[in-house]
Amino acid sequence: FTLKDLESVPFGVALPIREAIYKCREQPSSDWPEEVCLLIGRQDLTKQAHKMTLAKSKASVGSGFSLVPPSSTEVDEEEDGMSDIIHEVTGLIWSQDLRVQEVRRLLQSSRPVRVSVVQLPEVSDHEYIEEKENKLLQLCQRTMALPVGRGLFTLFSYHPVPTEPLPVPKLNLTGRAPPRNTMVDLNSGNIDVPPNMTNWPSFHNGVAAGLKITPASQVDSAWIAYNKPKSPELANEYAGFLMALGLNGHLTKLATLNIHDYLTKVCTKIVLTFSVLLLNPKS
């Protein structure tokens, strides 16, 4: 039985077999025959068994790629908004590289960016600070565009809990400058920052968070209202969240009283979102 034979097996049968192969690849036995090593993708064991023990071979040559996601704290997983990706399944689909972990690293927007600017001898400290802030402003353009990719990456990956609000990752527009890891931000007044620069990025961030919700989730009017932020600074983000609910078909579950409340008391962008979705729910 080879991997080529496994491709002809129905997906429902092949999935647990591939899961078993994945587990065996992580913890192989040194006395397995060459055919088994080929099946689990551990050809290195047949070549290195006579040179070192299994423990040393796993440390030096190993399996080539580690499909276990990088270790991170629960806070980091909650912050980046991508902790709901099922690594067991993605590891079976892309078993030869770390593309999923790399995409997750590239799309995280909740941590300060690295601002690397070299201070030349003829540059004063004040000019150096302005250079770092201008560099940060350029990097923020990338950070503010990340929600669009994150929305695609995490589409339909989250099942909301009725008693918990939807976790929305932050758009962190600060930076850290090596080697002292000093904080760099755009609020010092040294450079001109476009007014209302974060309005639409925050809206897109809310859309990306809302698109995570699976269509089969039990979303009701009470849970939608429960996610309404108390801070007016998050109004744009919540408007994007409502936009995503409309695209997923969940906005139809909103009670008439809540619809009236949204259309009369909240910001213009939320009203615009509701007007579009109510007039043309399929748009």
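Residues numbered from 1 in each chain as written. Predicted model: local features only at pLDDT ≥ 70, side-chain atom pairs only at ≥ 80, totals over all residues. Heavy atoms only, no water.

## Description of the overall build of the chain
Right, on to step 1. If you tally the helices and strands in the chain, you get 14 helices and three strands.
Right, on to step 2. Within the span of the chain, comprising 283 residues, buried residues form 36% of the whole.
Right, on to step 3. Pairs at least 24 apart in sequence give 72% of the contacts found in the chain among residues at least 6 apart.
Right, on to step 4. Approximately 17100 Å² of the chain is accessible, and the part contributed by carbon and sulfur atoms is 58%. (Helix = DSSP H or I, 4+ residues; strand = E, 2+ residues; numbered from the N terminus. Buried < 20%, exposed > 50% of the residue type's maximum accessible area, 1.4 Å probe, protein only. Contact = heavy atoms within 4.5 Å. Areas by Shrake-Rupley, 256 points an atom, 1.4 Å probe, with all protein chains shown as cover.)

## With respect to the environment of Ala 255
Right, on to step 1. Position of Ala 255 among the secondary structure elements: in the loop between α12 (235-248) and α13 (256-265).
Right, on to step 2. For the pair Ala 255 and Ala 225, spaced 30 residues apart in the sequence, the C-alpha separation amounts to 9.7 Å.

## Notes on the sheet that holds strand β1 (residues 113-114)
Right, on to step 1. Within the open sheet, the three strands sit side by side as β1-β2-β3. Their pairing is mixed. Each edge of the open sheet carries a strand with a single partner, namely β1 and β3 (182-184).
Right, on to step 2. Note: β1 against strand β2 (residues 175-177), two bridges, orientation parallel. Along β2, the bridge assignment pairs Arg 114 with Arg 176. (Pairing = 2+ DSSP bridges.)

## Some details on the pattern of salt bridges
Right, on to step 1. Summed over all chains, the structure comprises six salt bridges.
Right, on to step 2. Its salt-bridge partner being Lys 23, residue Glu 19 comes within 3.9 Å of it at the nearest N-O pair. Taken together, the residues span about one helical turn, with Glu 19 and Lys 23 both in helix α2 (residues 11-26) at a distance of four residues.
Right, on to step 3. Classification of Glu 19 as partly exposed rests on a relative accessible area of 23%.
Right, on to step 4. Of the residues examined, Lys 23 reaches a relative accessible area of 44% and is grouped as partly exposed.
Right, on to step 5. Between Glu 102 and Arg 105 there is a salt bridge, with its nearest N and O atoms 2.5 Å apart. One end of the pair, Glu 102, and the other, Arg 105, are both in helix α8 (residues 99-107), three residues apart, so they sit about a helical turn from each other. (Salt bridge = Lys/Arg side-chain N within 4 Å of Asp/Glu carboxyl O.)

## A look at helix α9 (residues 125-153)
Right, on to step 1. If you check α9, its first and last C-alpha atoms are 41 Å apart, about what 29 residues at 1.5 Å a residue would give, namely 42 Å.
Right, on to step 2. Along its length, α9 reaches its greatest deviation from straightness, about 30°, at Ala 145, and the proline Pro 147 lies no more than four positions downstream.
Right, on to step 3. Of all the residues in α9, the buried ones are Tyr 128, Lys 132, Glu 133, Leu 136, Leu 137, Cys 140, Thr 143, Met 144, Leu 146, Pro 147, Arg 150 and Gly 151. (Expected span 1.5 Å × (residues − 1). Bend = angle between axes of the 7 residues up to and from the residue.)

## Quick notes on the packing of aromatic side chains
Any aromatic ring pair is given by two values, namely how distant the centres are and how the planes are angled relative to each other.
Right, on to step 1. The final tally for this structure, using the stated rule, is four aromatic pairs.
Right, on to step 2. Between Trp 200 and Phe 203 the ring centres are 5.2 Å apart and the planes differ by 80°, which places this aromatic pair in the edge-to-face class. Here Phe 203 and Trp 200 lie together in helix α10 (residues 199-211), a separation of three residues that amounts to about one turn.
Right, on to step 3. Owing to a relative accessible area of 9%, Phe 203 belongs among the buried residues under this scheme.
Right, on to step 4. Ring centres of Tyr 238 and Tyr 262 lie 5.9 Å apart, and the angle between their planes is 45°; on these two criteria the pair is classed as tilted. (Phe/Tyr/Trp six-rings, centres within 6.5 Å; stacked < 30°, edge-to-face > 60°.)

## Looking at the environment of Leu 136
Right, on to step 1. Checked against the element boundaries, Leu 136 lands in helix α9.
Right, on to step 2. Between the C-alpha atom of Leu 136 and that of Val 117, which follows or precedes it by 19 residues, the distance is 9.9 Å.
Right, on to step 3. Residues in contact with Leu 136, not counting those within four places in the same chain, are Val 113, Val 115, Leu 173, Thr 174, Gly 175, Val 184, Asp 185 and Leu 186.

## Examining the nonpolar core
Right, on to step 1. By size, the foremost hydrophobic cluster in this structure holds 23 residues, and its most contacted members are Ile 213, Ile 224, Phe 241, Leu 242 and Phe 274.
Right, on to step 2. Sorting the residues of this core by element identifies α10, α11 (221-226), α12, α13 and α14 (268-279) as the ones contributing at least two each.
Right, on to step 3. The leading source of residues in this core is α12, at six residues.
Right, on to step 4. Once residues within four sequence positions are removed from consideration, Ile 213 is found in contact with Phe 156, Tyr 158, Pro 160, Leu 166, Val 219, Trp 223, Phe 241, Leu 245, Asn 248 and His 250.
Right, on to step 5. Judged by nonpolar contacts, the second largest core, of 15 residues, contains Val 117, Cys 140, Met 144 and Ile 191. (Core = buried A, V, L, I, M, F, W, Y, C linked by side-chain atoms within 4.5 Å.)

## A short note on the layout of surface pockets
A probe matching the size of a water molecule, rolled over the atoms, marks out where space remains unfilled.
Right, on to step 1. Estimates place the volume of the largest pocket at around 500 Å³.
Right, on to step 2. If you go around the largest pocket, you meet 19 residues; those closest to its centre are Leu 166, Pro 167, Val 168, Leu 234 and Glu 237.
Right, on to step 3. Counting residues per element, the ones that place at least two in the lining of the largest pocket are α6 (74-80) and α12.
Right, on to step 4. Ranked by residue count, the leading element in the lining of the largest pocket is α12, at three residues. (1 Å grid on protein atoms, 1.4 Å probe; cavity = no way out; pocket = protein on both sides within 12 Å on 5 of 7 lines; lining within 4 Å. Points joined across faces, edges and corners; volume = space filled by probe spheres on them.)

## Some remarks on the side chain of Ser 221
Right, on to step 1. Within the fold, Ser 221 resides in helix α11.
Right, on to step 2. Within the structure, the side chain of Ser 221 is placed 3.0 Å from the backbone nitrogen of Ala 255, a separation counted as a polar contact.
Right, on to step 3. Among residues more than four places away in sequence, those in contact with Ser 221 are Lys 253, Leu 254, Ala 255 and Asn 258. (Polar contact = N/O pair within 3.5 Å; in protein donor to acceptor, adjacent residues only side chain to side chain.)

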